[in-house]
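Architecture and fold: a report
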Amino acid sequence: MEDSKVGTMQNRRSFLKATATAGALTLPGIGLLTGAESVFASSKPTINDNDLAVLQFLAAAELLECDLWGQYCELAKNNEGFRRALQEIDESLPDYVCGDFEDECSHASFINAFLVAAGKDPVNLDSFRTLPSVPVEGAKDIGRLTNLTNLTVDTSYYERYRQHGNPDFGDTFEQIVTIKNQPTVPTSDSIRGLDLLSIAQSAAFHFAAIEQGGSSLYNSLITKVTSLDVVAILASIGPTEVYHFAVFQTALEGIRDLERPGGPEFPDIADRPNRGDIMPEPCSFLDKSFPICSVIRPRNTNTAGAVAAATGLVKSGLFEGQSQAFFDAVVALASAADSAIRS
Ligand SMILES: [Fe+2]
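Quick caveat, the model's predicted, so the values are computed rather than measured.

Things to note about the state of the cysteines
Applying the stated criterion across every chain, the model contains 2 disulfides. Sulfur-sulfur distance for the disulfide between Cys 66 and Cys 105 comes to 2.0 Å. Handedness here is read from the sign of the S-S torsion; for Cys 66 and Cys 105, about 90°, the answer is right-handed. Of the two residues, Cys 66 sits in helix H3 (residues 49-78) while Cys 105 sits in helix H5 (residues 93-117), which places them 39 residues apart along the sequence. Exposure class is identical for Cys 66 and Cys 105. Each is buried. Linked covalently through their sulfurs, Cys 73 and Cys 98 form a disulfide whose S-S length is 2.1 Å.

Here you go:
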């Protein structure tokens, strides 16, 4: 075995061992999992190593989502200025944010509980909750996994879902707005007015960016799993990410022309020719010889798999300030998930 592969596996094992011992997860009542409507064939789910790798990466991804949406929800609920700025984009945006938070945390809890029920190690990232909260009204002073203060948001999904191209075939799409090294949450209580609206508009693009990534990730990984229970998990959680993406993409209709010193130059969505065009345009799919088809895109491993998703999040600055051990662990989990092959 290559040295790098050995190192990766050791990192992953030590990470899982360390996090499992620190875990506070409780084994769910097996009765809950074996009811009349359960898809389980037996009282204890059995999963192979490939399914395990996919579920452990997804558990980590969901814990990270739970953390970032938790920060957004806290501020959407308890920071009046941020809440009002979000409401200027869409009256219900604070509620959507907190609803998403609840969903993502439920995904993490469920996948970890399923892993425990299958006799496998759950994923616990608590030792990496080291990043500071923003020092503003409404934010709890607790350690975080993610950093929302210096994000580069890829907004290419906006045009990607409105055109016939597909990144799986090498197609690329322009940024509707350049959001580079920007906060998506208030970083000081002195930020108000249009400056705070600019932050909220960056956040609105980040909301949809996260969820389109989740949509593609589940789509990519579902072709790698074998157990029907695990297929059911991915086939049921994945569309929830799509549901979120659709909601947050719709909310972008409220983005208005805005430019602040040092901030992004937002276009007025109402002035764009494809405003309101939120249904996914048919695109190339599987093979260009087939008719174009309205689908989630991309879905290939190199464009939408675990490593691609993790790399995108790292490049966005979401983990700025995290330890090398954190990055090593995430990369190891992602590499293992992408290496899974249906058997
Ligand atoms: Fe999720």
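Don't stop here, the text continues.
Digging into a negative patch on the surface
On the surface, a cluster of negative charge is contributed by Asp 257, Glu 259, Glu 265 and Asp 271. Mapping Glu 265 onto the fold places it in strand S4 (residues 265-266). The exposure class of Glu 265 is exposed, given its relative accessible area of 55%.

A short note on the packing of H3 against H5
The N-to-C vectors of H3 and H5 enclose an angle of 150°; their axes lie 7 Å apart at closest approach. With respect to H5, the element H3 is oriented roughly antiparallel. H3 and H5 meet at a crossing whose hand is left-handed. Taken together, the residues of the contact of H3 with H5 sort by class into 19 nonpolar, 4 polar and 5 charged.

Description of the packing of aromatic side chains
Enumeration over the complete set of coordinates arrives at 12 aromatic pairs. Following the ring pairs from residue to residue traces out a cluster consisting of Trp 69, Tyr 72, Phe 207 and Phe 248. In this structure, Arg 162 is placed above the aromatic ring of Tyr 158, and the distance from its NZ or CZ to the ring centre is 3.5 Å.

A look at the confidence of the model for the protein
In this model, the protein carries a mean pLDDT of 90, and residues with pLDDT of at least 70 account for 87%. Contacts of residues 1-15 to residues separated by more than four positions or lying in other chains number 17 contacts, the stretch itself having pLDDT below 50. Predicted confidence is poor over residues 17-38, with pLDDT under 50, and the contacts of this stretch with residues over four places away or in other chains come to 21 contacts.

A few points about helix H8 (residues 228-251)
Taking 1.5 Å of rise per residue, the 24 residues of H8 would be expected to cover 34 Å, and the 35 Å separating its terminal C-alpha atoms lies within 8% of that figure. Three or more residues of H8 are buried, namely Asp 229, Val 230, Ile 233, Leu 234, Ile 237, Gly 238, Glu 241, His 244, Phe 245, Phe 248, Gln 249 and Ala 251. Buried positions along H8 lie against H3, helix H4 (80-89), H5, helix H6 (157-160) and helix H7 (193-221).

Topic: the nonpolar core
Judged by nonpolar contacts, the single largest core of 83 residues is most densely connected at Phe 57, Tyr 72, Phe 205 and Leu 234. When residues of this core are assigned to their parent elements, the largest contribution, 16 residues, is made by H3. Look past the residues within four positions of Phe 57 in its chain and what remains in contact with it is Leu 217, Leu 221, Ala 306, Ala 310, Val 330, Leu 333, Ala 334 and Ala 337.

Thoughts on H7
The end-to-end C-alpha separation of H7 is 42 Å, in line with the 42 Å expected for 29 residues at 1.5 Å each. For H7, the tally of buried residues reaches 24 of 29 residues, placing the bulk of the element in the interior.

Looking at unusual backbone geometry
With an omega of -10°, the peptide bond between Arg 297 and Pro 298 qualifies as cis. Turning to its location among the elements, Pro 298 is positioned in the loop between S4 and helix H9 (301-304). Positive phi values are uncommon outside glycine, yet Asn 181 reaches one of about 50°. Within the element layout of this structure, Asn 181 appears in strand S2 (residues 179-182). One non-glycine residue with positive phi stands out, namely Leu 286, at about 65°. Turning to its location among the elements, Leu 286 is positioned in the loop between S4 and H9. By relative accessible area, which is 60% here, Leu 286 ends up exposed.

Overview of the pattern of salt bridges
By the definition in use, this model includes 9 salt bridges. The partner of Arg 260 in a salt bridge is Asp 195, and the shortest N-O contact between them spans 2.9 Å. Here Arg 260 is found in the loop between strand S3 (258-259) and S4, whereas its partner Asp 195 is found in helix H7, with 65 residues between them in sequence. Taking the relative accessible area as the measure of exposure, Arg 260 reaches 27% and is therefore partly exposed. Across the salt bridge formed by Arg 256 and Asp 268, the nearest N and O atoms sit 3.4 Å from each other. Taken together, the positions of Arg 256 in the loop between H8 and S3 and Asp 268 in the loop between S4 and H9 put the pair 12 residues apart, joining distant regions of the chain. One network of salt bridges, with partners in common, ties together Asp 67, Asp 126 and Arg 129.

Looking at the packing of H3 against helix H11 (residues 324-339)
Where H3 contacts H11, the axes come no closer than 7 Å and their chain directions differ by 135°. Taken together, the axes of H3 and H11 are oblique relative to one another. Our pair here, H3 against H11, has a crossing hand that is left-handed. Residues Ala 53, Val 54, Gln 56, Phe 57, Ala 60 and Leu 64 of H3 form the contact with H11, whose participating residues are Phe 326, Val 330, Leu 333, Ala 334, Ala 336 and Ala 337. Of the residues in the contact of H3 with H11, the class split is 11 nonpolar, 1 polar and no charged.

Rules used throughout
- Residues numbered from 1 in each chain as written.
- Predicted model: local features only at pLDDT ≥ 70, side-chain atom pairs only at ≥ 80, totals over all residues.
- Heavy atoms only, no water.
- Disulfide = S-S within 2.5 Å.
- Helix = DSSP H or I, 4+ residues; strand = E, 2+ residues; numbered from the N terminus.
- Buried < 20%, exposed > 50% of the residue type's maximum accessible area, 1.4 Å probe, protein only.
- Patch = residues over 30% accessible without salt bridge, like charges linked within 9 Å, V, L, I, M, F, W, Y side chains within 5 Å.
- Areas by Shrake-Rupley, 256 points an atom, 1.4 Å probe, with all protein chains shown as cover.
- Salt bridge = Lys/Arg side-chain N within 4 Å of Asp/Glu carboxyl O.
- Lys, Arg positive; Asp, Glu negative; His and termini not counted.
- Charge placed at Lys NZ, Arg CZ, Asp CG, Glu CD.
- Axes fitted to C-alpha atoms, helices over the stretch in contact; angles between N-to-C directions.
- Parallel < 35°, antiparallel > 145°, perpendicular 65-115°, else oblique.
- Left-handed = near helix turned anticlockwise from the far one by under 90°.
- Nonpolar A, V, L, I, M, F, W, Y, C, P; charged D, E, K, R; others polar.
- Phe/Tyr/Trp six-rings, centres within 6.5 Å; stacked < 30°, edge-to-face > 60°.
- Lys NZ or Arg CZ within 6 Å of the ring centre and 35° of its normal.
- pLDDT = per-residue confidence, 0-100.
- Contact = heavy atoms within 4.5 Å.
- Expected span 1.5 Å × (residues − 1).
- Core = buried A, V, L, I, M, F, W, Y, C linked by side-chain atoms within 4.5 Å.

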